Amino acid sequence: MPHLKTWDKLPQGIRDHLVDRMRDRNISIADLNKLRLWVESIPLVPDGEWYKDFGSFIICGEESYPRTFLLRGQSARGERI
C-alpha cells in the first residue's frame, strides 16, 4: 500500500484541481484542518481508487494521489478508508 502524497509532492495540475473543488464545495476551515491533520499523518492508502469520508465532504483518490472532493451524499468509488 502506498502512502498518500503530501501537498508539496503533488503535480501542479492536481493541486489546482483540488483548490478549485475546495472552493466549489465550500469546505470550511475546520474541515480543512481535519483534512490537514490526516494528510500530515502520511497515511497508507489502497492501491487503486479509494475515498475517506470526513462527514461534511469526501476526499477521493487513486493510489497515492488525492483526486477530488465530493459533497456529503455524493457517491464515491473505490475502497473506503
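Numbers given to residues run from 1 along each chain, matching the order in which its sequence is written. Only residues with pLDDT of at least 70 are given local features in this predicted model, and only at 80 or more are side-chain atom pairs given and counted; all residues enter the totals for whole chains, interfaces and linings. Think of the side-chain values as coming from all heavy atoms in the structure, minus any hydrogens and water.

**Some words on the nonpolar core**
Next up, step 1: Buried Ala, Val, Leu, Ile, Met, Phe, Trp, Tyr and Cys residues that are joined via side-chain atoms within 4.5 Å together make up what is termed a nonpolar core. Partly exposed residues are those whose accessible area sits between 20% and 50% of the maximum for their type, while under 20% is buried and over 50% is exposed, using a 1.4 Å probe and protein chains only. Ranked by internal contacts, the top residues of the largest apolar core, which has 15 residues, are L35, W38, I59 and F69.
Next up, step 2: Secondary-structure elements contributing two or more residues to this core are α1 (12-24), α2 (29-40) and β2 (57-62).
Next up, step 3: In what follows, residue pairs with any heavy atoms lying within 4.5 Å of each other are defined as contacts. Excluding residues within four positions of it along the chain, L35 makes contact with F54, F57, I59 and F69. Starting at the N terminus, helices and strands are each numbered in turn, a helix being any DSSP run of H or I of at least four residues and a strand any DSSP run of E of at least two.

**Observations concerning the environment of F54**
Next up, step 1: Locating F54 in the fold gives a position in the loop between β1 (49-53) and β2.
Next up, step 2: Judged by relative accessible area, F54 falls into the buried class, the value being 14%.
Next up, step 3: In sequence terms F54 and Q12 are 42 residues apart; their C-alpha atoms lie 24 Å from each other.
Next up, step 4: Excluding residues that lie within four positions of it along the chain, F54 makes contacts with K34, L35, W38 and I59.

**Let's talk about the environment of D31**
Next up, step 1: Along the chain, D31 falls in helix α2.
Next up, step 2: C-alpha separation for the pair D31 and Y51, spaced 20 residues apart in sequence, amounts to 16 Å.
Next up, step 3: The residues contacting D31, other than those within four sequence positions of it, are S56 and F57.

**Structural notes on the pattern of salt bridges**
Next up, step 1: By definition, a salt bridge exists where a carboxyl oxygen of Asp or Glu is found within 4 Å of a side-chain nitrogen of Lys or Arg. Scanning the entire structure with this criterion turns up five salt bridges.
Next up, step 2: Among the ionic pairs, R21 bridges to D24, the shortest N-O distance being 2.6 Å. With R21 and D24 both in helix α1 and three residues apart, this pair spans about one turn of that helix.
Next up, step 3: Given the relative accessible area of 18%, R21 is considered buried.
Next up, step 4: Given a relative accessible area of 45%, D24 falls into the partly exposed group.
Next up, step 5: Put simply, E49 and R77 hold a salt bridge, and the shortest N to O gap is 2.9 Å. Of the two residues, E49 is situated in strand β1 and R77 in the loop between β3 (65-71) and β4 (79-80); the sequence distance between them amounts to 28 residues.

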